[in-house]
Amino acid sequence: GMDPEDVQRFAPVVNRASWKAHKKEFDTNWAQIEQQRFTLMRDWRDKQFKALADACDTLFYPFGGPDFLNAYLIYPSCNTYLLFGLESPGSVPAIEKMKEDKIDAGLAQLFEALSDIFKRDYFITRTMQAELRTQQVDGTLPIILTFLARLDAKVVSIETDGPWNPPAEAAPATPPPAKPGAAETARPRSNKLPSVTVSFVGPNSGRIQTVVYIRVDMMNPEYSKRT
């Protein structure tokens, strides 16, 4: 919903009535939460622990999903933001190459995926399972990139092959011996964790920062055995 730098490239998108309506609605909602939440959050941070926030090296946000927004608002100076969740990392939609009906659907799907942020300031896991599995919004990356754009950050690179994704030829780890009676409940685990790393330059940092999202299931199967 922001005016692109390359207007000619994205002319098929920005000239559509659906995009103009999306931009207007997004601007209105973003301005509202900027006034009602973001300003208060920044003031609270600066009064309570500004020195700690400024000294942040790595912020670990377990079960954060795509919620880079709140992490950055409280800790804007971190070198690395590490988030994980159950949702797929997703991909960057080539919106300028989409057919007209796909553009309209993609804009609607993106706004729907962010509706809980506008209303509540957090994501709901159950709704994300549907909202981040559409054809155009297929994971957390489109949401993270939207947040970065709205925060006036500049994306430097996007990498999907990182230290969390071992090479395909790497030998899988040898599983420990199964306990008696555990054969039916044991679940195979993969040594491959789908991830995405986005490098960016924040509006006030003047240096490269990174946000890493990893898809990983942290559920302990032992809990399902308890009564």
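As a reminder, the structure under discussion sits directly above these lines.
Let me sum up the structure you'll find in this document. (Residues numbered from 1 in each chain as written. Predicted model: local features only at pLDDT ≥ 70, side-chain atom pairs only at ≥ 80, totals over all residues. Heavy atoms only, no water.)

1. A few points about the overall build of the chain
Secondary structure summary: the chain contains 7 helices and 5 strands in total. Counting from the amino terminus, helix and strand elements in the chain follow one another as α-α-β-α-β-α-α-α-α-β-β-β. Evaluated residue by residue, the chain yields a buried proportion of 38% over its 227 residues. Taking as baseline every contact in the chain between residues at least 6 positions apart, the subset at least 24 positions apart corresponds to 67%. With the model as given, the accessible surface of the chain reaches about 13,800 Å², and the carbon-plus-sulfur share is 55%. (Helix = DSSP H or I, 4+ residues; strand = E, 2+ residues; numbered from the N terminus. Buried < 20%, exposed > 50% of the residue type's maximum accessible area, 1.4 Å probe, protein only. Contact = heavy atoms within 4.5 Å. Areas by Shrake-Rupley, 256 points an atom, 1.4 Å probe, with all protein chains shown as cover.)

2. Brief notes about helix α7 (residues 141-150)
Taken across its 10 residues, α7 has 9 buried, putting it largely inside the fold. Restricting attention to buried positions, one finds in α7 the residues Leu141, Pro142, Ile143, Ile144, Leu145, Thr146, Phe147, Leu148 and Arg150. Taken from the residues just after α7, Asp152 is the one with a positive phi, measuring 65°.

3. Some remarks on the state of the cysteines
Overall, the coordinates contain 1 disulfide when judged by the stated rule. Across a sulfur-sulfur distance of 1.9 Å, Cys56 and Cys78 are joined as a disulfide pair. Between Cys56 and Cys78, the S-S torsion sits near 105°, and that sign places the bridge as right-handed. One end of the pair, Cys56, is in the loop between α2 (17-54) and β1 (58-61); the other, Cys78, is in the loop between α3 (68-74) and β2 (80-85), with 22 residues separating them in the sequence. Each member of the pair, Cys56 as well as Cys78, is classed as buried. (Disulfide = S-S within 2.5 Å.)

4. Looking at the pattern of salt bridges
Between side chains of opposite charge, pairing is possible as soon as their charged atoms come close. One pass over the full model with this rule turns up 10 salt bridges. For Glu100, the salt bridge identified is with Arg16, shortest N-O distance 3.4 Å. Within this pair, whereas Glu100 is found in helix α4 (residues 100-113), its partner Arg16 is found in the loop between α1 (11-14) and α2, the two being separated by 84 residues in sequence. A salt bridge links Glu34 to Arg42; the nearest nitrogen and oxygen atoms lie 2.7 Å apart. Among the residues examined, Glu34 registers a relative accessible area of 26% and is labelled partly exposed. On the basis of relative accessible area, Arg42 is assigned to the partly exposed category, the value being 26%. It is possible to trace a salt-bridge network through shared partners that takes in Asp3, Lys23, Asp27 and Arg150. (Salt bridge = Lys/Arg side-chain N within 4 Å of Asp/Glu carboxyl O.)

5. Comments concerning the packing of aromatic side chains
All told, the structure shown has 15 aromatic pairs when counted by the stated rule. Feature note: the residues Phe26, Trp30, Phe38, Phe111 and Phe118 constitute an aromatic cluster, connected by ring pairs. (Phe/Tyr/Trp six-rings, centres within 6.5 Å; stacked < 30°, edge-to-face > 60°.)

6. Some thoughts on the environment of Asp54
Structurally, Asp54 is set in helix α2. Spatially, the C-alpha atoms of Asp54 and Cys78 are 7.4 Å apart, while their sequence positions differ by 24 residues. A distance of 2.7 Å separates polar atoms of two side chains, one belonging to Asp54 and the other to Lys50. (Polar contact = N/O pair within 3.5 Å; in protein donor to acceptor, adjacent residues only side chain to side chain.)

7. Here's the deal with the sheet that holds strand β4 (residues 195-201)
Read across the sheet, 5 strands follow the order β1-β2-β5-β4-β3 without closing on themselves; strand pairing throughout is mixed. Two strands lie at the open edges of the sheet, namely β1 and β3 (154-159), each paired on one side alone. On average, each strand axis in the sheet is tilted by 15° relative to the strand beside it, whichever way the strands run. Of the pairings in the sheet, the one linking β4 to strand β5 (residues 208-215) comprises 7 bridges and is antiparallel in character. In the strand pairing of β5, Phe200 is matched with Gln209. In the packing of α7 onto the sheet, the strands contacted are β3, β4 and β5, and the crossing angle to β4 comes to about 10°. (Pairing = 2+ DSSP bridges. Axes fitted to C-alpha atoms, helices over the stretch in contact; angles between N-to-C directions.)

8. Remarks on the nonpolar core
Counting residues in hydrophobic clusters, the biggest one holds 41 residues, and the most contacted among them are Phe68, Tyr81, Ile143 and Phe147. Contributing elements (two or more residues each) for this core: α2, α3, β2, α4, α5 (115-120), α7, β4 and β5. Top contributing element to this core by residue count: α2, with 7 residues. Leaving out residues up to four positions away in the same chain, Ile143 has contacts with Pro66, Leu110, Ala113, Leu114, Phe123, Leu132 and Val137. (Core = buried A, V, L, I, M, F, W, Y, C linked by side-chain atoms within 4.5 Å.)

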